[in-house]
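# Results of the structural survey
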Amino acid sequence: MEKTGVRKNKEGEIWAIGGGKGGTGKTFITSSMGTYLARKGKRIVLIDIDIGGANLHSFLGISRPKKSLSFFFEKGVPLSKLALKTGIGNMYLISGDIHSLASDSIKFTQKLKLFRHILKLNKQYVLIDLGGGSHNNTIDTFLIADKMIAVLEPEIIAIENMYHFIKNSLFRKLKMSLRSYGFKEIVEHMWESREKYKINNLNELIECLKNSFSYIGDILDEELSKFKIYLILNKVRSSQDIIIGSSIKSIFMKYLGLETQFVGYLEYDDAIWRSIRERRPFMVNYGTSRSAKEIETFTENILQGSEIKHSRN
Amino acid sequence: MLRKEYKKYFDVLEISPDASLSQIKSAYLRLKRLYSAESVVISPIADEFPYKRRQKILKQIEGAYTALISLSYHGQHKSSYRGESLTSKGGSEDKKEKSTPFSGPVLRQIRKERGIGLYEVALDTKIRVELIENIELERFEVLPQEVYLKGHISVYANYLLLDPKKAADDYIKKYREWKSKIEEE
């Protein structure tokens, strides 16, 4: 699970696009960021592992791929053989499907194998579209990424789901890293006896762990400082909506001690809806639109690790 | 350097240490609103992040704002923050100072009180050392044109956490008085 161990080619990066709720625009944003990067000359592979609806191909205007990740799991076909042309130079697509990734059908070892092979793909950028939900498979894939990207809509259900998703991811990350340091069951143990330790939430769990042994505190501080979320706000309709991005950044820091990069937003735009209906890649057909510019802006911010420029603050 | 000492306050308000006075204010208001009221971003975690916990954060925000603001006014609103202010000199002078306009010597005095060297200013603001000195010593005859001058003054004032607009306006007023006198002669 350690990113650094397996990954030798440091030139590339894995971006995972998740966020908890379905329908917030993750797939659209993944395909658009990929298209933008490919047209900039980067070598891209998109991996669609949206369990409920692997449909990334539709956003690129290609038909449902016949080869999918189930070939990898069941027949051992290498990932590079499953990568399909997308119609956009430099960019390939590996499609997931419902059967191969349905909740319990892949074993932990299979998952590790998939991650190892993803890390070995000879592409500069691997963009993984995670789909909704906070299932462990989704979260583990999120956690192997070099850049963990959360797409959010400015409405309460999406916000609630994202909190849930991020807290679960963090919980799992801490559990895994403490395990790798030899503290095998400590997180589970504390969480299970939370009444005894007066722990009501993740924040208190972290505090309690830190106070238990000083070196655990150091490990946690290190892990927390590495756990960075890149936040994209989609379907924005007002400047009030944009503030939600800054608010969530603030809450993650002040409540969980997590750093968030609010990289940008995408205003609600009928052209996107039309483009999806027409099954044509948006960045190609509406390349000069305001939305395309917004997509470019946050993609660049993710690339460079910078944030949205606050003009309204 | 001053702004670095106050870094923790800027961190609490989630702004960079080169934030202007108005940015400090709007960040404060935004965060105060965020943590005091229920909203779409607070409600989903309100049970584990209740008002009682948020009050602690509000207190830090309040403290950071007070510290930065008391620093930023040269004698102006300091009666309520006297303990914190670096420029406080006692009650009777407060009223007088309130109307004291900014000038070269006043800027110089504030800079020295805050223990900032000319070179430090130059490094951080990218204004040349000679120019800063000329501004402070009011060597009007060697200063650049008014539009440029105004820009430099507000950058410098902002750096000292002063009101950039007031500083520039006050200074330019004095500059114009000098200029019209010269032209008369």
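Structure report, in brief. Every value quoted in this text rests on a predicted model; they were computed, and no experiment measured them. Each chain has its residues counted from 1, following the order in which its sequence is written. Whichever chain is written first is A, and whichever ligand is written first is 1; the rest continue in order. Reporting of local features is limited, given that this is a predicted model, to residues whose pLDDT is at least 70; pairs of side-chain atoms are given and counted only at 80 or more, and all residues count toward the totals for whole chains, interfaces and linings. To get the side-chain values, all heavy atoms of the structure are used, and hydrogens and water are removed first.

A few words on the pattern of salt bridges. Here a salt bridge means any side-chain nitrogen of Lys or Arg lying within 4 Å of a carboxyl oxygen belonging to Asp or Glu. Applying the stated criterion to the full structure yields 29 salt bridges over all chains. E13(A) is the partner of K147(A) in a salt bridge, and the nearest nitrogen-oxygen pair spans 3.3 Å. Remark: E13(A) occurs in strand β1 (residues 13-18) and K147(A) occurs in strand β6 (residues 147-152); sequence separation between them is 134 residues. For the exposure calls, accessible area comes from a 1.4 Å probe over protein chains only, and a residue counts as buried if that area is under 20% of its type's maximum, exposed if over 50%, partly exposed in between. Given the relative accessible area of 8%, K147(A) is considered buried. A salt bridge links K166(B) to D170(B); the nearest nitrogen and oxygen atoms lie 2.8 Å apart. Of this pair, K166(B) and D170(B) both sit in helix α10 (residues 164-184), four residues apart, which is roughly one turn of that helix. Helix numbering and strand numbering both begin at the N terminus, where a helix is a DSSP run of H or I of at least 4 residues and a strand a DSSP run of E of at least 2.

This part takes up the interface of chain A and chain B. Two residues form a contact once any of their heavy atoms are found within 4.5 Å. Every contact between the two is made by 18 residues of chain A and, on the other side, 20 residues of chain B. Note on terms: buried area is the combined drop in 1.4 Å-probe accessible area of two parts once they are placed together, counting the loss on both. Taken together, the two surfaces of chain A and chain B that pack against each other cover about 1,700 Å², and 60% of this comes from carbon and sulfur. For E48(B), the salt bridge identified is with K167(A), shortest N-O distance 2.6 Å. Here the element with the most residues in the side of chain A that touches chain B is helix α14 (residues 239-256) of chain A; it accounts for nine residues. Under the scheme applied here, ten amino acids are nonpolar (Ala, Val, Leu, Ile, Met, Phe, Trp, Tyr, Cys and Pro), four are charged (Asp, Glu, Lys and Arg), and all others, including Gly, are polar. Classifying every residue of the side of chain A that touches chain B by side-chain character gives eight nonpolar, six polar and four charged.

Residues and elements named next belong to chain A. In terms of burial, strand β2 (residues 44-48) is a largely internal element, five of the five residues being buried. Residue alternation in β2 divides its side chains into two sets, I44, L46 and D48 and V45 and I47, and both sets are buried. For two strands to be treated as a pair, DSSP must find no fewer than two bridges joining them. Pairing analysis gives five bridges linking β2 to strand β4 (residues 91-95), with the strands arranged parallel. When the sheet's bridge partners are listed, I44 is paired in β4 with M91. Pairing of β2 with strand β5 (residues 125-129) involves five bridges; the strand directions are parallel. Note on β5: the bridge partner recorded for L46 is L127.

Residues and elements named next belong to chain B. To get an axis, fit a line to the C-alpha atoms, keeping to the stretch in contact for a helix; angles then go from 0 to 180 degrees between the N-to-C directions. Contact geometry for helix α7 (residues 118-125) and helix α9 (residues 146-159): axes closest at 11 Å, N-to-C directions at 110°. Judged by the inter-axis angle, α7 sits roughly perpendicular to α9. Along the contact surface, α7 presents E120, V121, D124 and T125, while α9 presents V155, Y156 and Y159. The cut-offs work like this: below 35 degrees is roughly parallel, past 145 is roughly antiparallel, 65 to 115 is roughly perpendicular, and the gaps in between are oblique.

All names here are of chain B. To estimate the expected span of a helix, count its residues, drop one, and scale the result by 1.5 Å. Between the first and last C-alpha of α9 there are 20 Å, a value that for 14 residues agrees with the 20 Å anticipated at 1.5 Å per step. Taken together, the buried positions of α9 are L149, I153, Y156, A157, N158 and Y159. Looking one or two places after α9, you find L161, whose phi comes out positive at around 65°.

Here we come to the sheet that holds β2(A). Within the open sheet, the eight strands sit side by side as β3-β4-β2-β5-β1-β6-β7-β8 (chain A). Their pairing is mixed. Edge positions in the sheet fall to β3 (84-85) and β8 (259-267) of chain A, since each of these pairs with one other strand and no more.

Between the rings of Phe, Tyr and Trp (Trp by its six-membered ring), a pair exists once the centres lie within 6.5 Å; its type follows the angle of the planes, with under 30 degrees stacked, over 60 edge-to-face, and the other angles tilted. In this structure the tally under the stated criterion is 15 aromatic pairs over all chains. With a centroid separation of 5.9 Å and 80° between ring planes, the pair formed by Y163(A) and F252(A) is classed as edge-to-face. Residue Y163(A) is located in helix α9 (residues 156-180), and its partner F252(A) is located in helix α14; the two are separated by 89 residues in the primary sequence. The two residues Y163(A) and F252(A) agree in class, both being buried. Taken together, a centroid distance of 5.7 Å and an interplanar angle of 75° make the contact between F140(B) and Y175(B) edge-to-face. Separated by 35 residues along the polypeptide, F140(B) in the loop between α8 (129-136) and α9 and Y175(B) in helix α10 bring together distant segments of the chain. For the pair F140(B) and Y175(B), a shared accessibility class is recorded, and that class is buried. What links up through ring pairs into an aromatic cluster is the set F140(B), Y171(B), Y175(B) and W178(B). Taking NZ or CZ as reference, K75(A) lies 4.2 Å from the ring centre of F71(A), over its face. Either the NZ atom of lysine or the CZ atom of arginine qualifies as a charge over a ring when it sits within 6 Å of the ring centre and within 35 degrees of the ring normal.

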